[in-house]
Each structure stands twice: as C-alpha cells, then as structure tokens.
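Chain by chain, the residues run as shown.
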Amino acid sequence: MIDKNNLKLYKRLLIYARPYYKAIGLGSVLAALSAATEPLLPALMKPMLDQGFRFGERSPLIWLPFAVVGIFFLRGALGFASTYIMAWVQNKIVYQIRLDMFAHLLRLPNTYFQKYPSAKTINRITNDVNGVTSASTTVLLTIIKDGVTVIGLFAWLLYLNWQLMLIAVTVVPVLMISVRKLSKRLRRLMHAEHDNMVMMTTAIQEAISNQKVIKVYGGEAQEVSRFDRVANYLRGILMRGTVSAALGTPITQLTSAFAVAIIIAVAMYQSAEGMTTIGGFASFITATLMMNAPMKRLADLNAPIQRGLAAAEHIFALLDEAPERDTGSVTLDKVRGDIVFDRVSYRYPEAERDALSAIDLVVRPGERIALVGPSGSGKSTFANLLPNFLHVTGGEIRIDGHPIDSIHLTSLRQQMALVTQEVLLFNDTIANNIAFGATRQLSLEEIRAAAKAAHALEFIDTLPDGFDTLVGEGGMRLSGGQRQRIAIARAVLKNAPILILDEATSALDNESERYVQAALDELMVGRTSFVIAHRLSTIENADRIVVLKEGRIAEIGTHAELLALNGIYAYLHQVQGDAKPAAAATGDA
Ligand code: ADP
Ligand code: MG
C-alpha cells in the first residue's frame, strides 16, 4: 500500500499541509480526546446496572444521568471542534491546490491544449482536487478518531473480562476479510463509474456545442441512443455499487451477531460460576458492539487512500506539465517594430512535414504586410510564431534586432495586439471585454472611443444595456461580426506597435467590412502590421503582399507587381473577382 511512489505523492501533498501543522495538530488532539470519551459509556454501564437500581431505596448513583449528558456534551463539543478545524485545513488546501493548478494552466504552452481534451483538465481542477483531500485530512481524522476509539474500547474490554475478550477477538479476522473483499469490489466499480462519468460528460458537451448540427442533420435519435447507452451503463454500475455497499452492513452485523452469541454463551457460563455480573456483561456487549462501526471504517480506509492517491497523481501530472518556455531575459520598452524572419521554419509535433519552411522576410517598422494563400498554406501558423505561441523549429525571428527567444514572453506579447478569425469573448460585459487585460483603470470615454474606432458603437448603442450588456458564454449572444469588432476595439485600446490580424474581418458582411477596414487602416498607421485576409480586396493597398503556398513564400510584392507577375496571386485575384463582383468593385475604391 505504501510504496516508494505513494510515499513521494504523500510528501508532495504534505508540502501543502505544512503551513497548517498547528491546526492539524490541534484538530488531531481534539479528535483523539473526543474518541477517548467513547469507552466512558460502557464503563458507566457496569456500576449503573450493578448498583444503580435498588428496590425500595434511593439510588446511590444519582450523578449518573448527569454524567451521561456530560459525556455526550463533551464528545459532541470536541467532535465538532475537530471536524471544523480539519475541514478548514482541508478546504484551505483544496483552495491552494486549485489556485496553483489554474495559475499553472495559464502558463502552459499552446501544445498542451492541443494534446488534451478540455474535459480532462476541467476534471482535474474540479474533481480530482476534492478526491485528494480524502487521502489527507479525512483519512487522518478517521485513523485518529477510530483508532483511539478502538484502542480505548479494547482496553476497557481487556480490563473488564480478558477471557471473554479473547473469544470475541476471534471474529475480527472474519470481519476484516469480508470487508476487504467488499472494498476491493467497490474500488473496481468506482473506477468504472469515473470513466463512465467522463464519457457521459463528453456526450453532453458535444450535444451542447453541436446542437445546431444535430438538429439540422436529424441526429437526435442517434445522440439520444448514444447517451442512453452511457447513462444506462452508469446506472448499472451504480446499482452494483449500491449492492456491494449495502451488503457490507448485514455481513458485518451477522458476523457481530455470531460474536455476541458466543459472548452471551460464555458469559452465561461465567455468571453461573460467579465470574461476572449483569453490569459487567451488559458493559461488555455494549463495548463490543460499539467497536463495530470504527473497525469497519478503519478496514475501509484503503479505498479513500487509493482514490486520493490516484487523484493526486492527476493533479501533479498537471502541475508537472512543462510551462511555456520563457528563456528570455530582455525586457523591451516599446519596440520600433522592425522584424526579421531569418530562414524560419515550423513543424507541428508529430507532423510529417514543415507547416512553414525557409521563410525569409525583412519587415520595416510601420510596414504593412499582407499574407495570402490557399487554406492550409501556413498563414495562421505564421501569425502564431510572432507572439511565440509556437516556437520556431528552425531559423530565428528578430524584433528590433533581438531574437524573440531572448525577450521575456510578457514583454514580447506586450508589443502586439492580435485579432483572430474565431473570436471567443469572456462571459462578461461588452465594456469589460473591450478593456480586457488593460493595466490601468479605463474610463468609459476611452472604451467608447475604442469601440467607435472599431465601428462597434453602431450596434452597441442599439443594445438595451449598451456597454453593460452581458455577451454570454464565448460571446454567443453577439454575431460573429460583432464579436470581431469587439476584438478590434480591444486591439485599438492596447495601442501596441505590432498588429496581427488573422482573418479579422472574415465574419463581417461586405458593407461593415468596408467600415471596419477603414478603421483598421487607420489603426495600422505607424504600426508594423501583419494582415491575413481571405478577401483579397481588403489587402490591396498593403505595402507588400506575401503569397504563401504549402508553407513557403511563393511570391512577394505589391498588388500591382503581383498582378503583373501573373502568378498565384493574379490567379486568386481573378477567381475572386469573377466570383464576387461587389468585392472587386470595393477593391477599386
Ligand atoms: P492557414 O491558416 O493558412 O489556413 P494553417 O497555418 O492553419 O493554415 O495550417 C498550415 C498547415 O499546418 C496545415 O497543413 C494544417 O493541417 C497544419 N496544422 C495546423 N495546425 C496544426 C496542428 N495543431 N497540428 C498539426 N498540424 C497542424
Ligand atoms: Mg488560418
């Protein structure tokens, strides 16, 4: 049960418990004292029955009823105090671990989020942390309380009648074996329950996020039957768990009944020989029965310990995930924005070939670079390299002469504003979404000005709550185009020297795109900008257009130059011009 690996886990958990050692000590002492009152009850029973009741005369033990109340009061008060203290420590530890996990989560690299499903991480922070406390304070409390109770009762029994005691003890192994068998089965079921829970959560998550697809493609029955399978299987597991747990009680009771029967028989014999009294016998039986519950709990301890250790493994697996590489030591103030791509290549982990290769590009401060190319040509990958979300796997990117790996990640990212294609907002107000990440308190005027620049004011002012409108999970109460304009307003507020727009206007209709484009054109003045655009009409006035094909720079030049080249760009332009006369018309403007 306690091997080297478990010991290591316990040691790490102890680090979290260390600040509370005084409270834990106090809680333990109180728990021990509370448990120590247990044998007092059977101990009172002997004088009560032997001398407490006399026919025709006043009982000499008039203090006894008071003592009973007193004992229960003492036990209750001590028990409450110890439970309170331990729960306090436990929740403090849970809170601290959760905080550490969440903070660590935000330091994890992009690759972590691509590797694991979100449900796994969520489960670790919400459930596993709870599980781990059962391995710590709850187990500790049980060991102390029930351990002391059992030892106390044991001692009393031994003192009372050691011969009887030895006979009673013979049932203990039987009890232990049956309890052990049942807990093993329970643990197996617990694992199955856990796995099934995850499957059920996944089914629900997918049904929620794909609800429209399910409805349109008529997949309701299919999804319901999938959920039915999982839910019904879970029901079966829970039933089997209940049977195992419920069997425990009658089995222990039956075993105890055997013990009691033997004790009664032996006590009868002893009483005939004048070796025991009624009080002594009653006290003995009571103490024996009182041992039952704590013994069962002690025998059951292995299950919470195993569950807790498994949970601890999950927790530390997350905490041990390597954080984002931040090797930089340079802190930049505000860069000019001269950016050099020096033979840059990138390959996704486990990918067969480079997503980007041999990218050579020298960008002047304030230059406006457009990136175009068919989907899958590496445009988004390119955009992810600059903020170091993805680490170049070959070559080097330099900003103002500093290799980006030499710059502190926070400092590097301070230099850029990023607007992506899929904008997910925080479930908060519009104002807070625009001001997100601001290092100082912003006035409503500033937020309003940014919204105006992003052409978001038009729709915000029509909302009943205006800037105080809650946008819903991910911002789903807004349209894609509205979300993008919020994201652009955020970028306006950040006022960073480098701007990265990855299809930032893709969700807009032609007309609003024209407005937003005007706003972006203004925003790009004096900033080094990278604009990835699907609609070529929006990037025609870029200083240079980089055409990517299969991860390589295929063409580079101005709109006019590339048209004259009559290559990929000219082809793309022609295709789009034919398909969208409106876009071509705005392009001429
Ligand atoms: P674009 O934005 O130009 O459409 P991307 O930069 O998103 O293209 O993708 C470039 C290539 O890299 C594609 O072939 C794509 O399949 C691959 N790719 C993108 N993301 C990943 C990833 N997380 N893991 C593996 N391959 C990826
Ligand atoms: Mg893309």
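Before reading further, recall that the structure is shown in the block above.
Keep in mind it's a predicted model, so treat the numbers as computed, not measured. Chains are numbered independently. Their residues run from 1 in the order of the written sequence. Here every chain gets a letter starting at A, and every ligand a number starting at 1, in the order they are written. pLDDT decides what is reported in this predicted model: residues at 70 or higher carry local features, side-chain atom pairs at 80 or more are listed and counted, and totals for whole chains, interfaces and linings draw on all residues regardless. As a rule here, side-chain values come from all non-hydrogen atoms in the structure, and water together with hydrogens is ignored.

Comments concerning unusual backbone geometry
Keep this limit in mind: A helix here means a DSSP run of H or I that spans at least four residues, while a strand means a run of E at least two residues long, and both kinds are numbered starting from the N terminus. In this scheme, a residue with accessible area under 20% of its type's maximum is buried, one over 50% is exposed, and one in between is partly exposed, where area comes from a 1.4 Å probe on protein chains only.
A positive phi is found at Ala-358, a non-glycine position, where the angle reads about 50°. Its place among the elements puts Ala-358 in strand β2 (residues 356–363). Taking the relative accessible area as the measure of exposure, Ala-358 reaches 25% and is therefore partly exposed. Of note, the phi angle at Glu-503 is positive, near 50°, even though the residue is not glycine.

Points about the packing of aromatic side chains
For clarity, the cut-off: Side-chain rings of Phe, Tyr and Trp, where Trp is taken by its six-membered ring, are said to pair if the distance between their centres is within 6.5 Å; with planes under 30 degrees apart they count as stacked, over 60 as edge-to-face, and otherwise as tilted. Should the NZ of a Lys or the CZ of an Arg lie within 6 Å of a ring centre and within 35 degrees of the ring normal, that charge is described as sitting over the ring.
A complete count under the given rule lists ten aromatic pairs for this structure. Between the aromatic rings of Trp-156 and Tyr-159, the centroid separation amounts to 5.5 Å while the plane-to-plane angle is 35°, which identifies the pairing as tilted. Note that Trp-156 and Tyr-159 are positioned in helix α6 (residues 118–160) at a spacing of three residues, about one turn of the helix. By relative accessible area, Trp-156 is classed as buried at 15%. Residue classification places Tyr-159 among the exposed positions, given a relative accessible area of 66%. Centroid distance Phe-341 to Phe-382: 4.7 Å. Interplanar angle 25°. Geometry classified as stacked. Linking Phe-341 in strand β1 (residues 339–346) with Phe-382 in helix α13 (residues 379–385), this pair joins segments that are 41 residues apart in sequence. Grouping residues by exposure puts Phe-341 and Phe-382 together as buried. Put simply, the rings of Tyr-112, Phe-113 and Tyr-116 touch in pairs and so form one group of aromatic residues. The ring of Phe-316 has Arg-12 sitting right over it, with the charged end atom 4.0 Å from the ring centre.

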